[in-house]
Amino acid sequence: MADIFKEDNFDQEVLQSDIPVLVDFYADWCSPCKMMAPIVEEIGEEYKGKVKVGKLNIDDNMKIAQKYNIMTIPTLTVFKNGEPVQSFSGVRSKDDLRNMIDNA
């Protein structure tokens with residue numbers, strides 16, 4: 001199960017993490033986000049202990065979404081050492097997501 005990131009835990013869980021973090025920026029009403037959800041969950045299991053995987057609802061956490069210029073959802077971003085290093089928007093394959101994480 002993916003972690004849930006919010007404004008009150010984002011700094012600690014994402015920016016201060018010792019391992020890379022994959023953040024799924026989503027909204028409950030977003031159909032493409034729902035399509036990506038099972039893939040994100042599977043990636044979380046595959047990379048357990050190597051990459052932290054979590055979701056951030058942009059409607060509930062607008063400040064963070066604005067800070068990282070999230071204009072399209074789903075947007076999946078890998079953070080490493082507190083900085084976004086890889087990102088893509090839209091529905092992609094599990095292999096695309098793996099490649100993004102591995103390249104980060």
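Since this is a predicted model, take the numbers as computed values, not measurements. (Residues numbered from 1 in each chain as written. Predicted model: local features only at pLDDT ≥ 70, side-chain atom pairs only at ≥ 80, totals over all residues. Heavy atoms only, no water.)

Undergrad: Before we go on, may I ask you to explain the overall build of the chain in this structure?
TA: For the chain, the count of helices and strands is four helices and five strands. From first element to last, N terminus to C terminus, the chain shows the α and β order β-α-β-α-β-α-β-β-α. Taking 13 Å as the expected radius of gyration for a compact globule of 104 residues, we find that the chain reaches 12 Å, a close match to that expectation. Across its three principal axes, the chain shows a C-alpha extent of roughly 30 × 30 × 20 Å. Here the chain holds 104 residues, and 46% of them are scored as buried. Counting only contacts in the chain whose residues sit at least 6 apart along the sequence, the fraction spanning at least 24 positions is 71%. For the chain, the accessible area works out to roughly 5800 Å², and carbon and sulfur atoms hold 47% of it. (Helix = DSSP H or I, 4+ residues; strand = E, 2+ residues; numbered from the N terminus. Rg over C-alpha atoms; globule rule 2.2 N^0.38 Å. Buried < 20%, exposed > 50% of the residue type's maximum accessible area, 1.4 Å probe, protein only. Contact = heavy atoms within 4.5 Å. Areas by Shrake-Rupley, 256 points an atom, 1.4 Å probe, with all protein chains shown as cover.)

Undergrad: Even after reading the chapter, I still don't get a negative patch on the surface, so can you show me in this structure?
TA: A cluster of acidic side chains, namely Glu7, Asp8, Asp28, Asp59 and Asp60, defines a negative patch on the protein surface. Looking at where Glu7 falls in the secondary structure, it is placed in the loop between β1 (3-4) and α1 (10-15). We classify Glu7 as partly exposed; its relative accessible area is 36%. (Patch = residues over 30% accessible without salt bridge, like charges linked within 9 Å, V, L, I, M, F, W, Y side chains within 5 Å. Salt bridge = Lys/Arg side-chain N within 4 Å of Asp/Glu carboxyl O. Lys, Arg positive; Asp, Glu negative; His and termini not counted. Charge placed at Lys NZ, Arg CZ, Asp CG, Glu CD.)

Undergrad: Looking at this structure, I do not really get the side chain of Asn9. What am I missing?
TA: Relative to the elements of secondary structure, Asn9 occurs in the loop between β1 and α1. Within the structure, Asn9 has its side chain in polar contact with the backbone oxygen of Ile4 (distance 3.2 Å). Within the local environment of Asn9, its side chain forms a polar contact with the backbone nitrogen of Lys6, the two atoms lying 2.6 Å apart. Those residues in contact with Asn9, other than ones at most four positions away along the chain, are Ile4 and Val14. (Polar contact = N/O pair within 3.5 Å; in protein donor to acceptor, adjacent residues only side chain to side chain.)

Undergrad: Help me understand helix α2 (residues 31-46) in this model?
TA: Residue pairs spaced three or four apart in an α-helix point in one direction, given the helix's 3.6 residues per turn. If you check α2, its first and last C-alpha atoms are 24 Å apart, about what 16 residues at 1.5 Å a residue would give, namely 22 Å. The largest bend in α2 comes to about 30°, at Ala37, with the proline Pro38 one to four residues further on. Along α2, the residues classified as buried are Cys33, Met36, Ile39, Val40, Ile43 and Gly44. Among the structural elements, β2 (21-26), β3 (52-57), β4 (75-80) and α4 (94-103) are those in contact with the buried residues of α2. (Expected span 1.5 Å × (residues − 1). Bend = angle between axes of the 7 residues up to and from the residue.)

Undergrad: Explain α4 here, please?
TA: Taken together, the buried positions of α4 are Leu97, Met100 and Ile101. Down the axis, α4 shows its buried residues gathered within 95° of arc, on one side only. Of the exposed residues in α4, those oriented more than 90 degrees away from the buried face are Asp102 and Asn103. In the core, the buried residues of α4 are packed alongside β2, α2, β4 and β5 (83-89). (Arc of directions from axis to C-beta.)

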